[in-house]
Amino acid sequence: DMSDQEREFQDKIDADIKIEPRDWMPDDYRATLIRQMGQHAHSEIVGQLPEGNWITRAPTLERKAILLAKVQDEAGHGLYLYSAAETLGVTRDELTEMLLDGRMKYSSIFNYPTLNWADIGAVGWLVDGAAIMNQVPLQRTSYGPYSRAMIRICKEESFHQRQGYDAIRKMAEGTVAQKKMAQDALNRLWYPSLMMFGPSDKDSVHSAQSMAWKIKINTNDELRQKFVDQTVPQIEYLDLDLPDEGITWNAQRGHYDYTDPNWSEFFDVIKGNGPCNVDRLAARNKAWDDGAWVRDGLMANARKKAAAKMA
Ligand code: FAQ
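All of the points below concern the structure found in this document. (Residues numbered from 1 in each chain as written. Predicted model: local features only at pLDDT ≥ 70, side-chain atom pairs only at ≥ 80, totals over all residues. Heavy atoms only, no water.)

### Notes on the overall build of the protein chain
Turning to step 1, where the next piece is worked out: Check the secondary structure of the protein chain and you find 13 helices and two strands.
Turning to step 2, where the next piece is worked out: Computed over its C-alpha atoms, the radius of gyration of the protein chain comes to 21 Å, within 12% of the 19 Å expected for a compact globule of 311 residues.
Turning to step 3, where the next piece is worked out: Principal-axis analysis of the C-alpha atoms places the extent of the protein chain at approximately 70 × 50 × 35 Å.
Turning to step 4, where the next piece is worked out: Evaluated residue by residue, the protein chain yields a buried proportion of 47% over its 311 residues.
Turning to step 5, where the next piece is worked out: Long-range contacts, defined here as pairs at least 24 residues apart, represent 76% of the contacts in the protein chain between residues at least 6 apart.
Turning to step 6, where the next piece is worked out: For the protein chain, the accessible area works out to roughly 16,000 Å², and carbon and sulfur atoms hold 54% of it. (Helix = DSSP H or I, 4+ residues; strand = E, 2+ residues; numbered from the N terminus. Rg over C-alpha atoms; globule rule 2.2 N^0.38 Å. Buried < 20%, exposed > 50% of the residue type's maximum accessible area, 1.4 Å probe, protein only. Contact = heavy atoms within 4.5 Å. Areas by Shrake-Rupley, 256 points an atom, 1.4 Å probe, with all protein chains shown as cover.)

Dropping the structure here:
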């Protein structure tokens, strides 16, 4: 049974009134937001690694400038999200430490490698495409700071998706070898992109409560279906082969049928056993350790300034 406080809180949620940092909230609401927003922020930060890998090898100056801007945007998204999460009473350092020692997750997708330039196009097209599909509804999420961060992030994310589609289109319309690379990138990144939406609804432990609190607006399978429905016509437009023989239009449902990802692979990747998990965490730990002198210097300077003020 709900206490009066909980009832009042749920009434606000039901009336679409945003919850703000100073408002009372149930402990689990706070903990769920810290988990989801923290995981989201970590994904933006770790998500720079697969694309950053290709900045120095972009095929033209224009593509390099675009990719550089996109990867910088991801860093910015991470920072908005850490700041929004800090309004819940956790510090950015605490969140970072939980990422670095494996207590917190980041999106499964970033544990797959980017092997060549076509993969960079496919990441923008499919990975950012999946990210937007999930983030557009999150603009209406019940926690004010998260909702406002999402509005800004979505604007940038749609540019990311279009640059990826443009890059893969160039490959798909290119030489036979280039088209083959585009096809191969699509084939490899398709299921990992579908996995971004999380486990199937029957295995999603958090969905029911998160939807009642309007932290999440849709179920994982709803958004996955929307992504498939949006992407299949794009694959056809690019004149690429469908990456899944199970994809067929189902007139009765008004949706494409498709084959689910291999869920045991998904759970294995989020447990730390994907192709790049070890590398990704090692890269983030190295960046944190290499930056220690900057943090120490800033703190020493702040202490000196504070002492001078006291004197
Ligand atoms: N990867 O009960 P549910 C981007 C975990 S976009 C890893 O269904 P929930 C942009 C989940 O945490 C990517 N773990 O969970 C970009 C839970 O485990 P826990 C980031 C996953 O939270 C593009 C367990 O499985 N976007 O970075 C995943 O209700 C290109 C049970 O699952 C967001 O984070 C997964 N895919 O629903 C950047 C969006 N899925 O914590 C650079 C916000 C599930 O109990 C380059 N997040 N898990 O140990 C969400 O909307 C939700 O958290 C879901 C998962 C939908 C991801």
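There's plenty left to go through after this.
### Overview of the layout of surface pockets
Turning to step 1, where the next piece is worked out: A volume near 1,100 Å³ is recorded for the largest pocket.
Turning to step 2, where the next piece is worked out: Considering the residues around the largest pocket, the lining is formed by 47 residues, among which Q39, S107, M196, F197 and G198 are closest to the centre.
Turning to step 3, where the next piece is worked out: Broken down by secondary-structure element, the contributors of at least two residues to the lining of the largest pocket are α2 (27–46), α4 (61–86), α6 (117–138), α7 (144–172), α10 (220–237) and α11 (263–273).
Turning to step 4, where the next piece is worked out: Top contributing element to the lining of the largest pocket by residue count: α6, with nine residues.
Turning to step 5, where the next piece is worked out: Per-class residue counts for the lining of the largest pocket are 20 nonpolar, 16 polar and eleven charged. (1 Å grid on protein atoms, 1.4 Å probe; cavity = no way out; pocket = protein on both sides within 12 Å on 5 of 7 lines; lining within 4 Å. Points joined across faces, edges and corners; volume = space filled by probe spheres on them. Nonpolar A, V, L, I, M, F, W, Y, C, P; charged D, E, K, R; others polar.)

### Overview of the nonpolar core
Turning to step 1, where the next piece is worked out: Grouped together as the largest cluster of nonpolar side chains are 41 residues, with contacts concentrated most on W125, W190 and F227.
Turning to step 2, where the next piece is worked out: For this core, the secondary-structure elements that each account for two or more residues are α4, α6, α7, α8 (176–195) and α10.
Turning to step 3, where the next piece is worked out: Looking at this core, the element that brings in the most residues is α6, giving ten residues.
Turning to step 4, where the next piece is worked out: Other than its neighbours up to four places away in sequence, W190 contacts F227, V228, T231, I235, P243, D244 and I247.
Turning to step 5, where the next piece is worked out: Formed by 27 residues, the second largest nonpolar core is a distinct cluster that contains M37, A85, L95 and M150. (Core = buried A, V, L, I, M, F, W, Y, C linked by side-chain atoms within 4.5 Å.)

### Some remarks on the pattern of salt bridges
Turning to step 1, where the next piece is worked out: Overall, the coordinates contain 18 salt bridges when judged by the stated rule.
Turning to step 2, where the next piece is worked out: Notably, a salt bridge pairs R169 with E173, separated by 3.2 Å at the nearest N-O pair.
Turning to step 3, where the next piece is worked out: The exposure class of R169 is partly exposed, given its relative accessible area of 25%.
Turning to step 4, where the next piece is worked out: Salt-bridge contacts for R253 lead to D257; the nearest nitrogen and oxygen are separated by 2.8 Å.
Turning to step 5, where the next piece is worked out: Where salt bridges share partners, they join E51, K70, E74 and D128 into one cluster. (Salt bridge = Lys/Arg side-chain N within 4 Å of Asp/Glu carboxyl O.)

### Remarks on the packing of α6 against α10
Turning to step 1, where the next piece is worked out: Where α6 meets α10, the axes come as close as 10 Å, and the angle between the chain directions of the two elements is 140°. Considering their axes alone, α6 and α10 lie oblique with respect to each other. The two elements α6 and α10 meet at a crossing, and its hand is right-handed. Contacts between α6 and α10 involve W125, L126, G129, A130, M133, N134 and P137 on the former and, on the latter, L223, K226, F227, Q230, T231, Q234 and I235.
Turning to step 2, where the next piece is worked out: Within the contact of α6 with α10, the residues separate by chemical class into eight nonpolar, five polar and one charged. (Axes fitted to C-alpha atoms, helices over the stretch in contact; angles between N-to-C directions. Parallel < 35°, antiparallel > 145°, perpendicular 65-115°, else oblique. Left-handed = near helix turned anticlockwise from the far one by under 90°.)

### Here's the deal with the packing of α2 against helix α5 (residues 92–100)
Turning to step 1, where the next piece is worked out: α5 packs onto α2 with a crossing angle of 70° between their chain directions and a minimal axis gap of 11 Å. Between α2 and α5, the crossing angle belongs to the class labelled roughly perpendicular. From α2, I34, G38, H42 and V46 reach across to α5, where they touch L95, T96 and L99.
Turning to step 2, where the next piece is worked out: Split into classes, the residues belonging to the contact of α2 with α5 amount to four nonpolar, three polar and no charged.

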